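Each chain, letter by letter, is given below.
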Amino acid sequence: MADFRERQIRLVHELMYQIKVQEVMTRDVVCFEPTNTFREIQRCMKEQRFSGTPIVEDGTLVGMVSIDDIISAFDGGYIDDAIGPYMTREVATIPQNYSVIAASNLFNKHRYGRLPVVEAPRSRRLVGLLTFSDILSHLLLAMNSIAERVERQEHSLVEGAKQAKDTLRFELAPDDFDLAGMASTTVKKHLKKAGLQPDVLRRIAVICYEAEINVIIHSLGGFMEVRLLPDSVTIEVVDEGPGIPDLEKAMEAGFTTANEKIRSLGFGAGMGIVNMKRCADDFRITSSMETGTIVQATVKLSPDDATTDAD
Ligand SMILES: Nc1ncnc2c1ncn2[C@@H]1O[C@H](COP(=O)(O)OP(=O)(O)OP(=O)(O)O)[C@@H](O)[C@H]1O
Ligand SMILES: [Mg+2]
């Protein structure tokens, strides 16, 4: 599994794809018309502390004026002229329904301070203004709410683990990649505390992880139950479907139905079931197109495993 930092970077990247320009842009844009003078714009810039403004005519974007243009107007002695003949007319824009990753690429490539947002691709109808810091603040908010959710989930997992002394149960939500791997990590922590040997722990962790990820990626959701018995650990993972049409094929090394997006997240090598089977002393997988898939695995404890003082 990718380490924490890599996962964070991947998360930011994924969020950038999900956030739309219209969610983060400023809608209340101060605009000017080609008949306004440089001086009028300069006064407003000074008062309201912005460094560039779109120029519109009847709601249509016709140009941009930046602080550099104002400085040139001072230098050139035409600060009281209307901006129309001087303003930049070749303006890069971003449509409101694009994801902010596209805007971020434009910011990086051209070093723009701000991008006028238009109603649709090829439209010149101005609907907002976007700066890189608009994207950043939204990203921080999104990261924060994910962090809070993870914290809450971790807390409730630990609480759940305490309630049932030797049984751990986790609900697994479909497509919840933010929490992917959390249940198996908690199982590992708990069983380590219970005194299981590293080799046994590793095998249990692989089975839990692969089964957990399969439910998240391939199913409509389900649960995982891990029981610590006197001489073994049993893992049962049950989901609500849609089931595996050809189980024999699914158990072959390299077989996968994972799509491009899943693969870009690092899953979908088609090795999950093979790895689970390899790590288990007893392994069963049953699947029905009506009820879903059930994975049952047992890992025998080694004589050195201290299970009596499990807390
Ligand atoms: N719980 C499930 N529900 C529905 N289909 C599943 C489930 N688990 C596995 N499958 C199917 O079996 C295939 C093989 O699963 P396996 O875990 O071996 O590989 P993978 O998930 O595709 O990739 P990897 O586990 O290597 O990331 C999957 O691609 C999917 O089609
Ligand atoms: Mg898998």
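Describing the overall build of the protein chain
Helix and strand counts for the protein chain come out as eleven helices and ten strands. Put simply, of all contacts in the protein chain between residues at least 6 apart along the chain, 63% involve residues at least 24 apart. When the accessible surface of the protein chain is totalled, it reaches about 17400 Å², and 50% of it is carbon and sulfur. Each charge sign in the protein chain was given a centre, from 35 positive and 46 negative side chains, and these centres are 3 Å apart.

Remarks on helix H5 (residues 100-110)
Val100, Ile101, Ala103, Ser104 and Phe107 are the residues of H5 that are buried. Along the long axis of H5, the arc covered by the buried residues comes to 160 degrees, so they all point the same way. Note on H5: the residue one or two positions beyond its end, Arg111, has a positive phi of about 55 degrees.

Points about the side chain of Glu210
Summarising the element assignment, Glu210 is placed in helix H8 (residues 198-218). In this structure Glu210 is buried but unpaired, with Arg278 as the nearest side chain of opposite charge at 7.3 Å. Other than its neighbours up to four places away in sequence, Glu210 contacts Gly272, Asn275 and Met276.

Focus on the site of ligand 1
Residues in contact with ligand 1 amount to 18 residues; listed here are only the nearest, His218, Asp239, Thr256, Thr257 and Gly268. At 2.7 Å, a side-chain N or O of Asp239 approaches a nitrogen atom of ligand 1. At 2.5 Å, a side-chain N or O of Thr256 approaches an oxygen atom of ligand 1. Computed on the free molecule, ligand 1 has an accessible area of 600 Å², of which 93% lies beneath the protein chains in the complex. Per-element accounting of the shell around ligand 1 gives the leading share, three residues, to H8. Residue classes in the shell around ligand 1 are distributed as seven nonpolar, nine polar and two charged.

Re the domain arrangement of the protein chain
In terms of domain boundaries, the protein chain breaks down into domain 1 (4-137) and domain 2 (164-300). For domain 1 versus domain 2, the distance between C-alpha centres works out to 48 Å.

Structural notes on the packing of aromatic side chains
For the structure shown, the criterion picks out four aromatic pairs. On the numbers, 5.6 Å between centres and 70 degrees between planes, the contact of Phe38 with Tyr78 is edge-to-face. Remark: Tyr78 occurs in the loop between helix H4 (67-76) and strand S3 (94-95) and Phe38 occurs in helix H3 (residues 38-48); sequence separation between them is 40 residues. Of the two residues examined, Phe38 and Tyr78, each falls in the buried class. Their ring planes at 80 degrees and their centres at 5.9 Å tell us that Phe107 and Phe132 sit as a pair that is edge-to-face. Of this pair, Phe107 sits in helix H5 while Phe132 is found in helix H6 (residues 132-163), placing the two residues 25 residues apart along the sequence.

A look at the pairing of strand S6 (residues 167-172)
Residues Leu168, Phe170 and Leu172 line the buried face of S6, whereas the alternating positions Thr167, Arg169 and Glu171 sit on a face that is not buried. Strand direction decides the pairing type here: S6 and strand S7 (residues 222-228), joined by six bridges, are antiparallel. When the sheet's bridge partners are listed, Thr167 is paired in S7 with Arg227.

Points about the packing of helix H7 (residues 182-193) against H8
The interhelical angle for the contact between H7 and H8, taken along N-to-C directions, is 160 degrees, at an axis separation of 8 Å. Classified by the angle their axes make, H7 and H8 are roughly antiparallel. Viewed along their axes, H7 and H8 form a crossing whose handedness is right-handed. Facing H7, whose interface residues are Met182, Ala183, Ser184, Val187, Lys188, Leu191 and Lys192, H8 presents Leu201, Ile204, Ala205, Cys208, Tyr209 and Glu212.

Re the nonpolar core
It is characteristic of soluble globular proteins that their nonpolar side chains tend to be buried jointly. Judged by nonpolar contacts, the single largest core of 32 residues is most densely connected at Val187, Leu196, Ile204, Met224, Val233 and Ile235. When contributions to this core are tallied by element, the ones reaching two or more residues are S6, H7, H8, S7, strand S8 (232-239), helix H11 (272-279), strand S9 (282-288) and strand S10 (292-300). Element by element, the count of residues in this core is highest for H8, at seven residues. Beyond its immediate sequence surroundings of up to four residues, Val233 is in contact with Leu191, Leu196, Ile204, Val226, Arg227, Leu228, Ala297, Thr298, Val299 and Leu301. Listed in part, the 22 residues of the second largest apolar core include Ala103, Val117, Leu139 and Ala142.

Rules behind the numbers
Residues numbered from 1 in each chain as written. Chains lettered and ligands numbered in written order. Predicted model: local features only at pLDDT ≥ 70, side-chain atom pairs only at ≥ 80, totals over all residues. Heavy atoms only, no water. Helix = DSSP H or I, 4+ residues; strand = E, 2+ residues; numbered from the N terminus. Contact = heavy atoms within 4.5 Å. Areas by Shrake-Rupley, 256 points an atom, 1.4 Å probe, with all protein chains shown as cover. Lys, Arg positive; Asp, Glu negative; His and termini not counted. Charge placed at Lys NZ, Arg CZ, Asp CG, Glu CD. Buried < 20%, exposed > 50% of the residue type's maximum accessible area, 1.4 Å probe, protein only. Arc of directions from axis to C-beta. Salt bridge = Lys/Arg side-chain N within 4 Å of Asp/Glu carboxyl O. Near = heavy atom within 4 Å. Polar contact = N/O pair within 3.5 Å; in protein donor to acceptor, adjacent residues only side chain to side chain. Nonpolar A, V, L, I, M, F, W, Y, C, P; charged D, E, K, R; others polar. Domains from an automatic or database assignment. Phe/Tyr/Trp six-rings, centres within 6.5 Å; stacked < 30°, edge-to-face > 60°. Pairing = 2+ DSSP bridges. Axes fitted to C-alpha atoms, helices over the stretch in contact; angles between N-to-C directions. Parallel < 35°, antiparallel > 145°, perpendicular 65-115°, else oblique. Left-handed = near helix turned anticlockwise from the far one by under 90°. Core = buried A, V, L, I, M, F, W, Y, C linked by side-chain atoms within 4.5 Å.

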